[in-house]
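Each chain, written out:
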Amino acid sequence: MKMTAEQKIERAHVTLMRDPHFCLFSGLFMVGKVEVRDDVDTARTDGINVQYGRGFVDRLDDRQVAFLVLHETMHKAYRHLTVWKGLYKENPRLANMACDYVINLQISDYDPGERVVRMPTDDEGQVIGLIDEAFRAMDAKQVFDLLKQKEREQDGTGGNGGSSGNGGNKTASRGNVQMDEHDWDGGRCCGCWTAVFRRPASHAGARRARPAGRRRRAKVCGTRRRATRARQPGFP
């Protein structure tokens, strides 16, 4: 019986959590909401939530789905959509490409024999995604700067047109199409994934707004704290 896209993604999560190379990402698989949608071409993340395209997942094998899931998870791990928002404001396309170059090369290094993960391919067998040895050991800002320099050399403007990659011998993409989309504006609204583990900002603000005297009294032993509150009606 053919598995649904939802089942394939769930299976990829389990496979990656069981593997010693990828099990450290297990906690991040649980962060945010995972959806499979008909109106998403490949995959999309805002840095917390992930949406997968049903048609795209349906035609991938198990190792390709695992690669896709890990790709989206590493965007969360590196907080790409918050840390590098400045790059996005400067050049959205190059910012997207830079983040993907970093991630895809690292995933391939984790499993060079493609035992668990391998990059998705199109109907002609061409790799979908961006990968280039020229960017080894670089972060997204370093890759972004090189892409911008390359583009400036080619078209003389440094604008949004021009090359889709660095031109190294291991660059692999399907035209200008990346493996996924990055919802930078959604990332701004949601904040980084670590916000999931923090107290709400309103709670922290309420504590800071308390008079200093009341805050000090609240730190004493339980008996005195109760007595202090009894003498101060309305103490939160």
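Further up the page is the structure itself.
Residues numbered from 1 in each chain as written. Predicted model: local features only at pLDDT ≥ 70, side-chain atom pairs only at ≥ 80, totals over all residues. Heavy atoms only, no water.

Draft legend 1. Seen up close, the overall build of the chain. A tally of regular secondary structure across the chain gives twelve helices and four strands. Scored against the burial criterion, the 236 residues of the chain give a buried share of 41%. For the chain, the accessible area works out to roughly 12,700 Å², and carbon and sulfur atoms hold 49% of it. (Helix = DSSP H or I, 4+ residues; strand = E, 2+ residues; numbered from the N terminus. Buried < 20%, exposed > 50% of the residue type's maximum accessible area, 1.4 Å probe, protein only. Areas by Shrake-Rupley, 256 points an atom, 1.4 Å probe, with all protein chains shown as cover.)

Draft legend 2. How the structure looks around a nonpolar patch on the surface. A cluster of nonpolar residues, Val 14, Met 17 and Met 30, forms a patch on the protein surface that exposes about 250 Å² of accessible area. Within the fold, Val 14 resides in helix 1 (residues 5-18). (Patch = residues over 30% accessible without salt bridge, like charges linked within 9 Å, V, L, I, M, F, W, Y side chains within 5 Å. Salt bridge = Lys/Arg side-chain N within 4 Å of Asp/Glu carboxyl O.)

Draft legend 3. Up close: empty space enclosed by the protein. With the rule as written, the count across this model stands at two cavities of 30 Å³ or more. Reported here for the largest cavity is a volume of approximately 40 Å³. Around the largest cavity, the lining residues are His 13, Leu 28, Phe 29, Val 34, Val 50, Tyr 52, Val 69, Glu 72, Thr 73 and Lys 76. Contributing elements (two or more residues each) for the lining of the largest cavity: helix 2 (26-29), strand 3 (50-53) and helix 4 (62-78). (1 Å grid on protein atoms, 1.4 Å probe; cavity = no way out; pocket = protein on both sides within 12 Å on 5 of 7 lines; lining within 4 Å. Points joined across faces, edges and corners; volume = space filled by probe spheres on them.)

Draft legend 4. Structural view of the pattern of salt bridges. Applying the stated criterion across every chain yields a total of twelve salt bridges. Its salt-bridge partner being Lys 148, residue Glu 90 comes within 2.6 Å of it at the nearest N-O pair. On the criterion of sequence distance, the pair formed by Glu 90 in helix 6 (residues 85-90) and Lys 148 in helix 8 (residues 140-155) is long-range, its members being 58 residues apart. By relative accessible area, which is 45% here, Glu 90 ends up partly exposed. Take Lys 148: its relative accessible area is 18%, and that puts it in the buried class. Where Asp 145 meets Lys 141, a salt bridge forms, and the shortest distance between an N and an O atom there is 2.7 Å. In this pair, Asp 145 and Lys 141 are both assigned in helix 8, four residues apart and thus about one turn of the helix distant. For Asp 145, a relative accessible area of 28% puts it in the partly exposed group. Classification of Lys 141 by relative accessible area gives partly exposed; the value is 33%. Each member of the salt-bridge network shares a partner with another, and the members are Glu 6, Asp 38 and Arg 54.

Draft legend 5. Highlighting helix 1. Taking 1.5 Å of rise per residue, the 14 residues of helix 1 would be expected to cover 20 Å, and the 20 Å separating its terminal C-alpha atoms lies within 8% of that figure. Of the positions making up helix 1, those classed as buried are Ala 5, Lys 8, Ile 9, Ala 12, His 13 and Leu 16. Down the axis, helix 1 shows its buried residues gathered within 145° of arc, on one side only. Every exposed residue of helix 1 that faces more than 90 degrees away from the buried side is listed here: Glu 10 and Arg 18. Its buried side turned inward, helix 1 meets helix 2, strand 1 (34-37), strand 3, helix 3 (54-58) and helix 4. (Expected span 1.5 Å × (residues − 1). Arc of directions from axis to C-beta. Contact = heavy atoms within 4.5 Å.)

Draft legend 6. Up close: the side chain of Asp 111. Along the polypeptide, Asp 111 turns up in the loop between helix 7 (92-110) and helix 8. Comment: no salt bridge for buried Asp 111; closest opposite-charge side chain is Arg 115, at 4.6 Å. Engagement of the side chain of Asp 111 in a polar contact is seen with the backbone nitrogen of Val 116, the distance being 2.5 Å. Sequence-distant contacts of Asp 111, defined by excluding residues within four places in its chain, comprise Phe 22, Val 116 and Val 117. (Lys, Arg positive; Asp, Glu negative; His and termini not counted. Polar contact = N/O pair within 3.5 Å; in protein donor to acceptor, adjacent residues only side chain to side chain.)

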